[in-house]
Amino acid sequence: MSSDKAPQQQEKFDRVGYLTEEQFWEPIQDKYVSELATLTPEEVFPSPNPGPSNPDGSVNFECHCVGHLVASPCGWEFREAISCQKAATNDEDDGRCAEQLMRFMDCAIRTQCFKKNKDTEDKDESKEE
């Protein structure tokens, strides 16, 4: 089978490389990778993501654990609800954020932003069989 594609089009495809075990264990020759290998984790990642809460106690909306919610169609509502909940300081604040949480849930139901897509549902069904 001959290829009618131009060389530029053929270069877009991934390439697979193979190493022997001896090649795998050879010293790294690339200068950048060699320098990177000598760095400490603090030097590689100078400002680690602190998790769901920032050091000041506020919500870290850049955390991978909530990033998908912030980027969803209901991101604004999510931010409002979580910020309100995080600001609640004692038991007397229970229910204080109900309105914001309900707006978030209403948005999620209206936009179906958390509904499984058809491909995911098909895979889940095939696992059960």
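Residues numbered from 1 in each chain as written. Predicted model: local features only at pLDDT ≥ 70, side-chain atom pairs only at ≥ 80, totals over all residues. Heavy atoms only, no water.

### Overview of the overall build of the protein chain
Of the regular secondary structure elements, the protein chain holds 8 helices and 0 strands. Sequence-ordered secondary structure for the protein chain, helices as α and strands as β, is α-α-α-α-α-α-α-α. Put simply, the protein chain has 129 residues, and 16% of those count as buried. (Helix = DSSP H or I, 4+ residues; strand = E, 2+ residues; numbered from the N terminus. Buried < 20%, exposed > 50% of the residue type's maximum accessible area, 1.4 Å probe, protein only.)

### What about the state of the cysteines?
Within this structure, the stated rule accounts for 2 disulfides. There is a disulfide in this structure between Cys 74 and Cys 107, and the S-S distance comes to 2.0 Å. In this structure, the disulfide formed by Cys 74 and Cys 107 twists by about -90° around the S-S bond and is classed as left-handed. Of this pair, Cys 74 sits in the loop between helix H5 (64-70) and helix H6 (75-87) while Cys 107 is found in helix H7 (residues 98-111), placing the two residues 33 residues apart along the sequence. With a relative accessible area of 0%, Cys 74 lands in the buried category. By relative accessible area, which is 2% here, Cys 107 ends up buried. (Disulfide = S-S within 2.5 Å.)

### Details of H6
With 13 residues, H6 should reach 18 Å at 1.5 Å per residue; the first-to-last C-alpha distance of 18 Å fits that figure. Among the residues making up H6, those that are buried are Gly 75, Glu 77, Phe 78, Ala 81 and Cys 84. For H6, the elements touching its buried residues are H5 and H7. (Expected span 1.5 Å × (residues − 1). Contact = heavy atoms within 4.5 Å.)

### Topic: the confidence of the model for the protein chain
Of the residues in the protein chain, 74% reach a pLDDT of 70 or more, and the chain-wide mean stands at 77. Confidence, expressed as mean pLDDT per element, reaches its minimum in the protein chain at helix H1 (residues 7-10) with 54 and its maximum at H7 with 92. (pLDDT = per-residue confidence, 0-100.)

### Let's talk about the packing of H6 against H7
Relative to each other, H6 and H7 sit at 155°, their axes nearing to 8 Å. Comparing their axes, H7 and H6 come out roughly antiparallel. The chirality of how H6 crosses H7 is left-handed. Contacts between H6 and H7 involve Glu 77, Phe 78, Glu 80, Ala 81 and Cys 84 from the former and Gln 100, Leu 101, Arg 103, Phe 104 and Cys 107 from the latter. (Axes fitted to C-alpha atoms, helices over the stretch in contact; angles between N-to-C directions. Parallel < 35°, antiparallel > 145°, perpendicular 65-115°, else oblique. Left-handed = near helix turned anticlockwise from the far one by under 90°.)

### Concerning the packing of aromatic side chains
We describe a pair of aromatic rings using the distance from one ring centre to the other and the angle between the two ring planes. Summed over the entire model, instances satisfying the criterion amount to 3 aromatic pairs. Plain terms: the ring middles of Phe 24 and Trp 25 are 4.9 Å apart, the flat faces sit at 90° to each other, and that makes the pair edge-to-face. In terms of burial, Phe 24 and Trp 25 fall into one category: exposed. When the centroid spacing of 6.4 Å and the interplanar angle of 80° are considered together, the rings of Phe 61 and Phe 78 count as edge-to-face. Of the two residues, Phe 61 sits in the loop between helix H4 (41-44) and H5 while Phe 78 sits in helix H6, which places them 17 residues apart along the sequence. (Phe/Tyr/Trp six-rings, centres within 6.5 Å; stacked < 30°, edge-to-face > 60°.)

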